[in-house]
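Chain by chain, the residues:
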Amino acid sequence: MRVLGVDPGLTRCGIGVVEGVAGRPLTMIGVGVVRTPADADTSHRLVAIERGIEGWLDTHRPELVAVERVFSQHNVRTVMGTAQASAVAMLCAARRGLPVVLHTPSEVKAAVTGSGRADKAQVGAMVTRLLRLDAPPKPADAADALALAICHIWRAPAQNRLQQAVAAHHARKGRSE
């Protein structure tokens, strides 16, 4: 499975591509950041993010896009920019017919480090170790994007089994009514 992870942000949108399956060593295919100037108009920044993500999709051809789920913070302006960048990533994937999954920051941290309260340095260190890199990807947004992809690859088999069990339950329930 090849997953494009997106850590959304207006100034720095982390992008990382990881390939592999749960239970096997994973491979980093690429990592980077789409940057936009803080003083630019928001609409122009969103277009730049879209172009950057489209370029990554063209180059790396992922099977799925994993995006960090936006959560409420104290700074509403920051949340809005993050949500807008997140929407751009989802739009780019949907336009190509790629599935999109959302993972919360604590899900990603727990999957990669074992603790949903891990800090950025711990996430970066584990991403470095799991992908057998020489150094943590910089900036932290890039490491977070790789962590999103890793999280999804590891969680996908369990999520698929759960979805199949729910579907089977509904099918049995529908037959008995």
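Numbering of residues starts from 1 in every chain and runs along the sequence as written. A pLDDT threshold of at least 70 governs which residues receive local features in this predicted model, and a stricter bar of 80 or more applies before side-chain atom pairs are shown or counted, although totals over entire chains, interfaces and linings include all residues. As a convention, hydrogens and water are excluded, and side-chain values are obtained from all of the structure's heavy atoms.

A look at the pairing of strand E1 (residues 2-7)
(1) Moving on: Buried means the residue's accessible area, taken with a 1.4 Å probe over protein chains only, is under 20% of the maximum for its type, while exposed means over 50%, and partly exposed covers the values in between. Labels follow the DSSP assignment, with helices taken as runs of H or I lasting at least four residues and strands as runs of E lasting at least two, numbered in each case from the N terminus. Most of E1 sits inside the fold, with 6 of its 6 residues counted as buried.
(2) Moving on: Burial of the side chains of E1 extends over both faces: Arg2, Leu4 and Val6 are buried on one face and Val3, Gly5 and Asp7 on the other.
(3) Moving on: Here the rule is simple: two strands pair whenever DSSP picks up at least two bridges between them. Summarising the sheet, E1 and strand E2 (residues 12-19) pair through 6 bridges and their orientation is antiparallel. Considered in E2, the bridge of Leu4 is made with Val17.
(4) Moving on: Hairpin remark: E1 followed by E2, antiparallel, with 4 residues in the connecting loop.

Side note on unusual backbone geometry
(1) Moving on: Note the cis peptide between Lys138 and Pro139, where omega equals -10 degrees.
(2) Moving on: Tracing the sequence through the fold places Pro139 in the loop between helix H4 (120-130) and helix H5 (140-176).
(3) Moving on: Its identity as a non-glycine residue notwithstanding, Arg132 has a phi of 55 degrees, on the positive side.
(4) Moving on: Here Arg132 is to be found in the loop between H4 and H5.

Describing the sheet that holds strand E4 (residues 64-68)
(1) Moving on: If you walk across this open sheet you meet the 5 strands as E3-E2-E1-E4-E5, and the pairing is mixed. For this open sheet the edge positions go to strand E3 (27-35) and strand E5 (100-103), each flanked by a neighbour on one side alone. Taken pair by pair, the neighbouring strands of this sheet meet at an average axis angle of 20 degrees, ignoring direction.
(2) Moving on: Here 8 bridges tie E2 to E3, and the two strands are oriented antiparallel to one another. Note on E3: the bridge partner recorded for Arg12 is Arg35.
(3) Moving on: For this analysis, residues touch if any pair of their heavy atoms sits within 4.5 Å. Every axis in this analysis is a line fitted to C-alpha atoms, fitted for helices over the stretch in contact. Angles between the N-to-C directions lie between 0 and 180 degrees. Where helix H1 (residues 42-60) meets the sheet, it contacts E1, E2, E3 and E4, and its direction lies at approximately 160 degrees from that of E3.
(4) Moving on: Running over the sheet, helix H2 (residues 76-95) touches E1, E4 and E5 and is turned about 170 degrees from E4.

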